[in-house]
Amino acid sequence: MEWMADQRRLEMAAEKAAEVVDILGMCVPPIDPRAVATTESKFLRVFGDNFRNSFDGLLEYHGDRNRFLLFFNTKYDLRWTGGGHHPRTRFSLAHELGHYYLDRHRAFLMSGGSPHRSRGEFETSVLMEQEADSFAAGLLMPKGLFRPMVNKGELSVPRIGQLAGLYGASLVSTAIRAVRMSDFPCAVVGVQNGAVAWCFQSEALVKGGCYPRAREPLSSGSALKAWGRFEAGEFTKVSAEGKVADWFETYDRQDLGELPLTEDYMPVPVTRTLVVLLTMSEEDLSGPPED
Ligand SMILES: [Zn+2]
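Residues numbered from 1 in each chain as written. Predicted model: local features only at pLDDT ≥ 70, side-chain atom pairs only at ≥ 80, totals over all residues. Heavy atoms only, no water.

(A) Spotlight on the overall build of the protein. A count of helical and extended segments in the protein gives 12 helices and eight strands. Relative to the globule expectation of 19 Å for 291 residues, the C-alpha radius of gyration of the protein, 20 Å, shows essentially globular dimensions. Viewed in the frame of its principal axes, the protein has a C-alpha envelope of about 65 × 45 × 35 Å. Residues counted as buried form 49% of the 291 residues belonging to the protein. In the protein, the proportion of contacts linking residues at least 24 apart, taken out of those at least 6 apart, comes to 61%. Total accessible area on the protein stands at roughly 14500 Å², and carbon and sulfur atoms take up 52% of it. (Helix = DSSP H or I, 4+ residues; strand = E, 2+ residues; numbered from the N terminus. Rg over C-alpha atoms; globule rule 2.2 N^0.38 Å. Buried < 20%, exposed > 50% of the residue type's maximum accessible area, 1.4 Å probe, protein only. Contact = heavy atoms within 4.5 Å. Areas by Shrake-Rupley, 256 points an atom, 1.4 Å probe, with all protein chains shown as cover.)

This is the structure we're talking about:
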């Protein structure tokens, strides 16, 4: 499946980031992407400024001096009171570091490929950009540190909030990373324009037989209601009960489709996305033990 191959490439990008953090001995969150960049100062110069709406980040290669210039937009820092950079700024910087550290990306730029003006977090369907996003998440939330914390229990919105604060990452990228690291069956879905725009699942959920579905409009009553509230400008976090078939493809396993799951809605008005954390009982998914 092409989907599996893409997933593998995204995982490898995150692993590369974990390697970088490991080599540098950075083992206490939050990881500072600027400090990572500084260790490459011979080849990489970093410039942060308010570039307004032109881009979130940009990496250029200058062959005459064999040097990369990394620009990142600090516009999100303007109203940020949390100290250091805003999580989105940190993510932009980490994303550009992905273009620098990932071999194929670097080779592309060095061979004269034109730099891409990167935007947002997980808002692109271009695989190279997704790889840089995956690198960024892997750098800010390295597997070795993050995974044990995630698996102290099942995921919930408050736990994702705590992790986001600790790692200096946005709620959305923390939710995605946490789901991918979770040993429990869970998923996080981004709803845009009343349809599923993206979905990330834990391995336990896929192994249990629940697969991502092609983009399609929301069908379940609870999801439609939540989307209606979001569109009306009501940005409250609410929970609802749904079933597996509302969100996932289970192929010949219709019994799986009927299993209950919990939907936790997290509105992110700035990206016009209604993020949904989907969790379900481990016992439900694995079924009664066979004898
Ligand atoms: Zn990019």
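(B) Representation of the sheet that holds strand β3 (residues 67-73). Spatially, the three strands line up as an open sheet ordered β1-β3-β2, and their pairing is mixed. Strand pairing shows two members of the sheet lacking a second neighbour, β1 (44-49) and β2 (57-62), which therefore form its edges. The sheet shows a mean angle of 15° between the axes of neighbouring strands, taken without regard to direction. Sheet analysis places β1 next to β3, joined by six bridges and oriented parallel. Within β3, the position partnered with L44 by the bridge is F68. Contacts from helix α3 (residues 87-101) reach β1, β2 and β3, with the element oriented near 160° to β3. (Pairing = 2+ DSSP bridges. Axes fitted to C-alpha atoms, helices over the stretch in contact; angles between N-to-C directions.)

(C) Broad picture of a negative patch on the surface. Together, E154, E282, E283 and D284 line one region of the surface with negative charge. Structurally, E154 is set in the loop between α6 (143-150) and α7 (157-167). (Patch = residues over 30% accessible without salt bridge, like charges linked within 9 Å, V, L, I, M, F, W, Y side chains within 5 Å. Salt bridge = Lys/Arg side-chain N within 4 Å of Asp/Glu carboxyl O. Lys, Arg positive; Asp, Glu negative; His and termini not counted. Charge placed at Lys NZ, Arg CZ, Asp CG, Glu CD.)

(D) Region of the structure containing helix α5 (residues 127-140). Look at α5: 20 Å from first C-alpha to last across 14 residues, which is about the 20 Å you get at 1.5 Å a residue. Within α5, 12 of the 14 residues are buried, which leaves the element mostly enclosed by the surrounding structure. Every buried residue belonging to α5 is among L127, E129, E131, A132, D133, S134, F135, A136, A137, G138, L139 and L140, and all of these are buried. Where α5 is buried, its residues meet α1 (2-23), α2 (33-38), α3, α4 (103-110), α7 and α8 (171-181). (Expected span 1.5 Å × (residues − 1).)

(E) Seen up close, the side chain of H86. Relative to the helices and strands, H86 resides in the loop between β3 and α3. H86 sits in the buried class, given a relative accessible area of 19%. When neighbours within four sequence positions are excluded, H86 is seen to be in contact with Y76, D77 and W80.

(F) Fine view of α3. If you check α3, its first and last C-alpha atoms are 20 Å apart, about what 15 residues at 1.5 Å a residue would give, namely 21 Å. Counting buried residues along α3, 15 of its 15 residues qualify, which places the element largely inside the surrounding structure.

(G) Expanded view of the environment of G161. Relative to the assigned elements, G161 resides in helix α7. A sequence separation of 102 residues divides G161 from L59, and the C-alpha atoms of the two residues are 30 Å apart.

(H) Fine view of the pattern of salt bridges. Inspection of every chain in the model, using the stated rule, returns 10 salt bridges. Here R213 ties to E216 by a salt bridge, and the two come within 3.6 Å at their closest N and O atoms. Its salt-bridge partner being E258, residue K243 comes within 3.5 Å of it at the nearest N-O pair. A residue pair is termed long-range when its members are at least 10 positions apart, and K243 in strand β6 (residues 238-243) and E258 in the loop between α11 (254-257) and β7 (260-268) qualify at 15 residues.

(I) How the structure looks around the packing of α3 against α4. Close contact between α3 and α4 brings their axes to 5 Å; oriented N to C, the two are set at 80°. Classified by the angle between their axes, α3 and α4 sit roughly perpendicular to one another. Within the contact between the two elements, α3 uses G98, H99, Y100 and Y101 and α4 uses D103, H105, R106 and L109. Split into classes, the residues belonging to the contact of α3 with α4 amount to three nonpolar, three polar and two charged. (Parallel < 35°, antiparallel > 145°, perpendicular 65-115°, else oblique. Nonpolar A, V, L, I, M, F, W, Y, C, P; charged D, E, K, R; others polar.)

(J) Up close: the packing of α4 against α5. Put simply, α4 and α5 touch, their axes get as near as 10 Å, and they point 125° apart. It follows that α4 is oblique to α5 by the angle criterion. The crossing of α4 and α5 is left-handed. Only M128, E131 and A132 of α5 make contact with α4, whose side of the interface consists of R104, H105 and F108. Residue classes in the contact of α4 with α5 are distributed as three nonpolar, one polar and two charged. (Left-handed = near helix turned anticlockwise from the far one by under 90°.)

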